[in-house]
Amino acid sequence: MGESLVQKVRDKLGQLSDTQDSIRLISLWIIKHKDDAAELAQVWHDEVVAASPKRRLLLLYIANDVIQTGRKRAPGLKTALQPHIRDALALSSGDAKFRSSIEKVIKVWGDRNVFSKSVLIEFDRALSGKSVGASSSAAAASSSSSRRKAARSGSSHVRSVNDFKVTSLVDALQNFKQFSSEVALKHAALAGIRTD
């Protein structure tokens, strides 16, 4: 990708506003340039690193729209954005104000099978500030800073809420449902056995 296209991507992302039309238009423009997926993803990542928490959320909305709209036409964009999304989530781990909005995006990805379960768990860990391997040092600094603030406030409740994972709850409920079904089947089988 030439220097002029990098600048065009930055200019497009610079026009981003918090409207669905703005997000959609930029998303479609990115999909149109899908042949430069790796470079587009890198520019997106650079913008995320430099962004304020609110702008980071908007950039995540763009990534969401690019991935879902370009699912069939531009699957390379999803592949290119995935590691950068993890880093963006790690950077957002201390942004309590936008956490629920970010969690909704991750939930949509799970509901629509956009990413595999293991990737979604990785995203959830990144958002909760837990180590996910190759996350940026800025993310680590941000998450450790939020942990220090929680420790100073003496609030273990804040820490436990931040550690809550929807995917873990869903998995536990599914396991419980399966276990309950197995117990009911075994109970029925035992009831049918004659013991005399």
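What you are looking at is a predicted structure, and each value in this text was computed from that prediction instead of being measured.

Considerations on the overall build of the protein
Working step 1: Helix and strand content of the protein: 10 helices and 0 strands.
Working step 2: Across the 196 residues of the protein, 37% fall into the buried class.
Working step 3: Counting contacts in the protein only where the partners sit at least 6 residues apart, residues at least 24 apart contribute 74% of the total.
Working step 4: Accessible surface computed for the protein: about 11500 Å², of which carbon and sulfur atoms make up 55%.

Re helix α4 (residues 53–69)
Working step 1: Along its 17 residues, α4 runs 24 Å from first to last C-alpha, staying within 8% of the 24 Å computed at 1.5 Å per residue.
Working step 2: Among the 17 residues of α4, 12 are classified as buried, and the element is accordingly described as predominantly covered.
Working step 3: Every buried residue belonging to α4 is among Arg56, Leu57, Leu58, Leu59, Leu60, Ile62, Ala63, Asn64, Asp65, Val66, Ile67 and Gln68, and all of these are buried.

Side note on unusual backbone geometry
Working step 1: A positive phi angle is found at Asn113, which is not glycine, with a value near 55°.
Working step 2: Looking at the element boundaries, Asn113 is found in the loop between α6 (99–111) and α7 (117–127).

Some thoughts on empty space enclosed by the protein
Working step 1: Per the counting criterion, the structure on display carries 1 cavity of 30 Å³ or more.
Working step 2: Within this model, the largest cavity holds a volume of roughly 70 Å³.
Working step 3: Looking at the largest cavity, the residues that line it are Val9, Leu13, Ile30, Leu40, Ala41, Trp44, Ile62, Ala63, Val66, Leu77 and Leu81.
Working step 4: Counting only elements with at least two residues in the lining of the largest cavity, the list comes to α1 (3–14), α3 (37–50), α4 and α5 (75–91).
Working step 5: Residues that form the lining of the largest cavity fall into these classes: 11 nonpolar, no polar and no charged.

Observations regarding the nonpolar core
Working step 1: Counting residues in each nonpolar core, the largest one holds 46 residues, and the members touching the most others are Ile85, Leu89, Trp109, Phe115 and Phe123.
Working step 2: Listed by contribution, the elements that provide at least two residues to this core are α1, α2 (20–32), α3, α4, α5, α6 and α7.
Working step 3: If near-sequence neighbours (up to four positions away) are discounted, Leu89 is found in contact with Leu60, Ile102, Ile106, Phe123, Ala126 and Leu127.

Focus on the confidence of the model for the protein
Working step 1: Taken as a whole, the protein shows an average pLDDT of 80; of its residues, 76% reach a score of 70 or greater.
Working step 2: Looking over the protein, one finds the lowest element-wise mean pLDDT in helix α8 (residues 137–153), namely 42, and the highest in α4, namely 95.
Working step 3: Within the model, pLDDT remains below 50 along residues 132–160, and this stretch shows 26 contacts once partners closer than five positions in the same chain are excluded.

Let's talk about the packing of aromatic side chains
Working step 1: In the structure shown here, the tally under the stated rule is 3 aromatic pairs.
Working step 2: Ring geometry for Trp109 against Phe115: centres 5.1 Å apart, planes inclined by 75°, an arrangement best described as edge-to-face.
Working step 3: Three or more aromatic residues joined by ring pairs form one cluster here, namely Trp109, Phe115 and Phe123.
Working step 4: Above the ring of Phe115, the side-chain terminus of Lys78 is found at 5.2 Å from the ring centroid.

Topic: the side chain of His84
Working step 1: Along the chain, His84 turns up in helix α5.
Working step 2: The contact partners of His84, leaving out residues within four places of it in the chain, are Ala41, Gln42, Trp44 and His45.

Quick notes on the environment of Glu39
Working step 1: In this structure, Glu39 sits in helix α3.
Working step 2: For the pair Glu39 and Leu81, spaced 42 residues apart in sequence, the C-alpha to C-alpha distance is 9.9 Å.

What to know about the packing of α4 against α5
Working step 1: For the pair α4 and α5, interaxial distance at closest approach is 11 Å and the crossing angle is 155°. Taken as axis vectors, α4 and α5 run roughly antiparallel relative to one another. The handedness of the crossing between α4 and α5 comes out as left-handed. In this structure, α4 uses Arg56, Leu60, Ala63, Val66 and Ile67 to contact α5, whose residues at the interface are Leu77, Lys78, Leu81, Ile85, Ala88, Leu89 and Leu91.

A short note on a nonpolar patch on the surface
Working step 1: Nonpolar side chains collect at one region of the surface, where Phe176, Phe179 and Val183 lie side by side and expose about 330 Å² of accessible area between them.
Working step 2: Residue classification places Phe179 among the exposed residues on the basis of a relative accessible area of 52%.

Basis of the calculations
Residues numbered from 1 in each chain as written. Predicted model: local features only at pLDDT ≥ 70, side-chain atom pairs only at ≥ 80, totals over all residues. Heavy atoms only, no water. Helix = DSSP H or I, 4+ residues; strand = E, 2+ residues; numbered from the N terminus. Buried < 20%, exposed > 50% of the residue type's maximum accessible area, 1.4 Å probe, protein only. Contact = heavy atoms within 4.5 Å. Areas by Shrake-Rupley, 256 points an atom, 1.4 Å probe, with all protein chains shown as cover. Expected span 1.5 Å × (residues − 1). 1 Å grid on protein atoms, 1.4 Å probe; cavity = no way out; pocket = protein on both sides within 12 Å on 5 of 7 lines; lining within 4 Å. Points joined across faces, edges and corners; volume = space filled by probe spheres on them. Nonpolar A, V, L, I, M, F, W, Y, C, P; charged D, E, K, R; others polar. Core = buried A, V, L, I, M, F, W, Y, C linked by side-chain atoms within 4.5 Å. pLDDT = per-residue confidence, 0-100. Phe/Tyr/Trp six-rings, centres within 6.5 Å; stacked < 30°, edge-to-face > 60°. Lys NZ or Arg CZ within 6 Å of the ring centre and 35° of its normal. Axes fitted to C-alpha atoms, helices over the stretch in contact; angles between N-to-C directions. Parallel < 35°, antiparallel > 145°, perpendicular 65-115°, else oblique. Left-handed = near helix turned anticlockwise from the far one by under 90°. Patch = residues over 30% accessible without salt bridge, like charges linked within 9 Å, V, L, I, M, F, W, Y side chains within 5 Å. Salt bridge = Lys/Arg side-chain N within 4 Å of Asp/Glu carboxyl O.

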